[in-house]
Amino acid sequence: LQYAHKHRNTMPATLLFLLLSLAVQPAQNSWAQSSEGIAAIVNDDVISRYDLNSRIRFIMFSSRLPNNQKNHQRLKRQVLSGLINERLKLQEAKRKNIKVTRKQVDAAIERVEKRNKLPKGGLLLQFQKNNIDVFSYERQIETDLAWGKIIRREISKSGAVSPAVIEQQIELMRANKGKPEYLVAEIYIPFDAARTSAEFKIIADRIRNQVNRGVRFSNLARSFSQSASAARGGSLGWIREDQLDPALSAVLRNLKRGALSAPTIGTDGYYILQLKNKRIAQGLPGEDSIVSLERIFLPLEPNAQPSTIQNQLNLARSIKSSAQNCQNMKTLGEEIGPNRSGSISDIRISSIAPNLRKLAQTLEIEKASDPIRTDTGILVIMVCNRKPGVDEREIRQRIALSMSEQKAGLLSRRLLRNLRQSAFIDIRK
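Residues numbered from 1 in each chain as written. Predicted model: local features only at pLDDT ≥ 70, side-chain atom pairs only at ≥ 80, totals over all residues. Heavy atoms only, no water.

Student: Whenever I open this one, the side chain of E186 confuses me. Can you help?
Tutor: For E186, the location among the structural elements is in strand β3 (residues 180-190). In this structure the side chain of E186 is engaged in a polar contact, spanning 2.7 Å, whose partner is the side chain of S229. Discounting residues that sit within four places of it in the chain, E186 has contacts with F217, A221, S225, S227, S229, G234, L236, Y271, I272, L273 and R413. (Helix = DSSP H or I, 4+ residues; strand = E, 2+ residues; numbered from the N terminus. Polar contact = N/O pair within 3.5 Å; in protein donor to acceptor, adjacent residues only side chain to side chain. Contact = heavy atoms within 4.5 Å.)

Following this line, the structure appears as structure tokens:
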């Protein structure tokens, strides 16, 4: 890219820098000084040993790994594979005449600095203080920005997500109401023709072991995952089992919160999954309506006499028949006494006590309910207002965005796989 040849100041939106204050000693060991020679040739581009060592130091710094020979050797193959992918992406961007400007790179740097509460220029200053090659960092972001433009251009050719696909997703959301949903992050290591599945299993095992030794999952995802989710630290957000490869769904189903899966073979590579949380699906967001209520509560002692209970029931029935609107209910509640009575404004139905949810969802507006017996008394409620939790148009927009992101992820993997299969790649010993 034109930018890459003129500047040695770029960066990837791919690595997390929350711990940039960590000091990493300059690499002065003999193994790190070996920067002469060629590490790999990718079509017409050369990846030097200096490029490789610089990126390894960068990843050790951002991932909080000790800067020593053992970690350097462990990372070498993984990092070189990433650099090869990077060169292929930049070559494709050049072929498609896609350019990344200095202004775009600066804006990306500034976003990372703001996310991590660093002053403008603070990120590059941290690199300089810790002897990290700025160009290695910047080359990654250039690649990210260029590749993102390629994917968006390809996605635009296929047109917007169709209404029929959106309707299908809406029906799936309704059908999965009450079923488990998972908050998941992934690291994806794709296969390629140059190596066996066993070699990729070794890489995936090494990455998993690094997480188990305390390296942040999100840092490793940003460094090594070849999925579109890498830019978000591997986060897939909340997903259902039907949205994953069946082999991955089976693994996810048996994970505990916070647990890490073993490397698992999917259709096109190895996956490492991290289960962050689990919940029961609520269906469409708009179905979790927001209501405002008036309530009158008539307390009863645990050992109340039958006659006392009957008197309170009679009073509750009187309230039901005399309250014509929410103002009447409010006035009656104030006359009877404010103890656990009064208004509740803009509460989601999912937040209401389970025994009252259906009533809050179906009760006619400004019509008092029949008396409701509870463990501690008798309750009469009136729904004053009910509105959807999310506008239907917003729901459709969210679904369309999610489907576009999924399509982008699949397209990104396919394009990169095709580039690797058709490329001349010579990896030097």
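Student: Even after reading the chapter, I still don't get the packing of aromatic side chains, so can you show me in this structure?
Tutor: Aromatic ring pairs are defined here through the distance separating the ring centres and the angle between the ring planes. With the rule as written, the count across this model stands at five aromatic pairs. The interplanar angle of 35° and the centroid separation of 4.9 Å between the aromatic rings of Y188 and Y271 together place this pair among those described as tilted. Here the residue Y188 occupies a position in strand β3, and Y271 occupies one in strand β6 (residues 269-280), the gap between them amounting to 83 residues. An aromatic cluster is built from F58, F61, F127 and Y137, whose rings are joined through pairwise contacts. One Lys or Arg, R279, reaches over the ring of W238 and ends 3.9 Å from the middle of that ring. Stacked on the ring of Y188, the Lys or Arg R413 has its end atom at 4.0 Å from the ring centre. (Phe/Tyr/Trp six-rings, centres within 6.5 Å; stacked < 30°, edge-to-face > 60°. Lys NZ or Arg CZ within 6 Å of the ring centre and 35° of its normal.)

Student: Please explain the sheet that holds strand β1 (residues 38-42) as it appears in this structure.
Tutor: To summarise the sheet geometry, strands pair through backbone hydrogen bonds and adopt either a parallel or an antiparallel arrangement. Pairing is antiparallel in the open sheet, where three strands are placed in the order β2-β1-β11. Strands with a single pairing partner mark the edges of an open sheet, and in this sheet they are β2 (45-48) and β11 (425-427). Pairs of neighbouring strands in the sheet enclose a mean axial angle of 15°, with direction left out of account. As defined by bridge partners, β1 adjoins β2 across four bridges and the pair is classed as antiparallel. Each bridged residue has a counterpart across the sheet, and for V42 the counterpart in β2 is D45. Sheet strands touched by helix α3 (residues 49-62): β1 and β2. Its angle to β2, the strand with the most contacts, is close to 55°. Contacting β1, β2 and β11, helix α4 (residues 69-95) runs over the sheet at an angle of about 150° to β2. (Pairing = 2+ DSSP bridges. Axes fitted to C-alpha atoms, helices over the stretch in contact; angles between N-to-C directions.)

Student: When you look at the environment of Y50 in this model, what are you seeing that I'm missing?
Tutor: Relative to the helices and strands, Y50 is located in helix α3. Owing to a relative accessible area of 34%, Y50 belongs among the partly exposed residues under this scheme. Linking Y50 and I38, residues 12 residues apart in sequence, is a C-alpha distance of 8.4 Å. A distance of 3.4 Å separates a polar atom in the side chain of Y50 from a polar atom in the side chain of D133. (Buried < 20%, exposed > 50% of the residue type's maximum accessible area, 1.4 Å probe, protein only.)

Student: Honestly, the sheet that holds strand β7 (residues 290-299) in this entry has me stumped. Any pointers?
Tutor: Reading across from one edge, β8-β7-β10-β9 is the order of the four strands in this open sheet, with antiparallel pairing throughout. The open sheet is flanked by β8 (342-348) and β9 (372-373), the only strands paired with a single partner. Across two bridges, β9 lies against strand β10 (residues 377-387) in antiparallel orientation. If you follow R373 over to β10, its bridge partner there is I378. Contacts from helix α13 (residues 326-336) reach β7, β8 and β10 within the one sheet, and its direction differs from that of β7 by about 30°.

Student: What should I look at first to understand α4 in this one?
Tutor: Each turn of an α-helix holds 3.6 residues, which means side chains three or four residues apart point in the same direction. The terminal C-alpha atoms of α4 lie 38 Å apart, and with 27 residues this matches the ideal 39 Å at 1.5 Å per residue to within 8%. At K76, α4 shows its strongest bend, of approximately 45°. The backbone nitrogen of K70 has a side-chain oxygen 3.3 Å away, supplied by the residue at the start of α4, namely N68. Phi turns positive one or two residues past the end of α4, at N97, with a value near 60°. (Expected span 1.5 Å × (residues − 1). Bend = angle between axes of the 7 residues up to and from the residue.)

Student: Mind showing me how you'd approach the nonpolar core here?
Tutor: As a rule of thumb, nonpolar side chains are buried together in soluble globular proteins. Core analysis: the largest hydrophobic core is formed by 59 residues, its most contacted members being I47, L75, V79, F127, I187, I207 and F217. Counting residues per element, this core draws most heavily on helix α7 (residues 134-157), at nine residues. Contact partners of I47, with chain neighbours within four places excluded, come to I38, A39, A40, V42, L80, L83, I84 and R87. C326, M329, L332 and M382 belong to the second largest nonpolar core, which has 14 residues in total. (Core = buried A, V, L, I, M, F, W, Y, C linked by side-chain atoms within 4.5 Å.)

Student: Honestly, the pattern of salt bridges in this entry has me stumped. Any pointers?
Tutor: Two side chains that carry opposite charge are able to pair once their charged atoms sit near each other. Applying the stated criterion across every chain yields a total of 20 salt bridges. One salt bridge in this structure joins R102 and E138, with 4.0 Å as the shortest N-O distance. Residue R102 is located in helix α5 (residues 102-115), and its partner E138 is located in helix α7; the two are separated by 36 residues in the primary sequence. When its relative accessible area of 23% is taken as the criterion, R102 is described as partly exposed. Since its relative accessible area comes to 0%, E138 is described here as buried. (Salt bridge = Lys/Arg side-chain N within 4 Å of Asp/Glu carboxyl O.)

Student: Just to check I follow, could you spell out the packing of α3 against α7 for this structure?
Tutor: Helices that pack against each other are described as a pair by the angle of their axes relative to one another and the distance between those axes. It is at 9 Å that the axes of α3 and α7 come closest, and there the two elements cross at 85°. Overall, the two elements α3 and α7 adopt an arrangement that is roughly perpendicular. Only S136, Y137, R139 and Q140 of α7 make contact with α3, whose side of the interface consists of S54, R55 and F58. (Parallel < 35°, antiparallel > 145°, perpendicular 65-115°, else oblique.)

Student: It is not clear to me how the environment of S369 should be interpreted in this structure. Could you clarify?
Tutor: Relative to the helices and strands, S369 is located in the loop between α14 (354-362) and β9. Taking the C-alpha atoms as reference, S369 lies 9.6 Å from S321; in sequence the two are 48 residues apart. Not counting residues within four places of it along the chain, the set of residues in contact with S369 comprises K320, L359, L363, V380 and I381.

Student: Would you mind going over the side chain of T264 with me for this structure?
Tutor: With respect to the element layout, T264 can be found in strand β5 (residues 264-265). Judged by its relative accessible area of 14%, T264 is buried. With near-sequence residues (within four places) excluded, T264 lies in contact with A247, L248, V251, G269, Y270 and Y271.

Student: Sorry, what's going on with the environment of I202 here?
Tutor: Considering the arrangement of structural elements, one finds I202 in helix α9 (residues 197-212). Once the C-alpha coordinates of I202 and P263 are considered, the two residues, 61 residues apart in sequence, prove to be 9.4 Å apart.

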